[in-house]
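# Breakdown of the fold
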Amino acid sequence: MPWIKTLHIVFVAAWFAGLFYLPRIYVNLASQSEPAVKTVLLGMARRLYRFTTILAVIALVCGLLLFVGYRIGMGPGNGWMHAKLFFVLLIIGYHHACGVMLRKFEQGRNTRSHKFYRWFNEIPVLFLFIVVALVVVKPF
């Protein structure tokens, strides 16, 4: 079990690194008018999204192994796990939203400003803080 926990933590950290950087690419894409630069940024975003998705799948599989296989967070007095799982679903939704935004950029249909993406980029920081606090503090 310690190895599964280790893998889970490492892959969650790597997943979040991608979630932190991908919207930064969107900031640059939204403010860029040079077609050659946009092509390079789109390539970077596409590769990062695919790689981040792989990291997310591994993190989620390890988390499910811990939850279902080792029963971590199951049983009475584990309300923190229910809250954590709720935020994990929101993080998965955020990841999906990043993919939807990438497709809009690829299709030339982005209508949002670089300022929007700067704010959008702060959401995973909040999610990560909440999830870590739930695991460490276990408030309920």
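The paragraphs below set out a description of the structure included in this document.

Rules used throughout
- Residues numbered from 1 in each chain as written.
- Predicted model: local features only at pLDDT ≥ 70, side-chain atom pairs only at ≥ 80, totals over all residues.
- Heavy atoms only, no water.
- Helix = DSSP H or I, 4+ residues; strand = E, 2+ residues; numbered from the N terminus.
- Buried < 20%, exposed > 50% of the residue type's maximum accessible area, 1.4 Å probe, protein only.
- Contact = heavy atoms within 4.5 Å.
- Expected span 1.5 Å × (residues − 1).

## Details of the overall build of the chain
A tally of helices and strands in the chain yields five helices and zero strands. In sequence order, the secondary structure elements of the chain are arranged as α-α-α-α-α. In terms of its C-alpha atoms, the chain occupies a principal-axis envelope of roughly 55 × 25 × 20 Å. Counting only residues that meet the buried cut, the chain has 36% of its 140 residues in that class.

## With respect to the side chain of asparagine 121
Among the structural elements, asparagine 121 can be located in the loop between helix H4 (114-120) and helix H5 (123-137). Look past the residues within four positions of asparagine 121 in its chain and what remains in contact with it is Leu19, Phe20, Pro23, Arg24 and Tyr94.

## Some details on helix H2 (residues 35-69)
Side chains three or four residues apart in an α-helix point the same way, a direct result of the helix having 3.6 residues per turn. In a regular helix each residue adds 1.5 Å, so 35 residues correspond to 51 Å; H2 covers 49 Å between its end C-alpha atoms and thus fits that length. A positive backbone phi angle near 60° is found at arginine 71, which sits one or two residues after H2.

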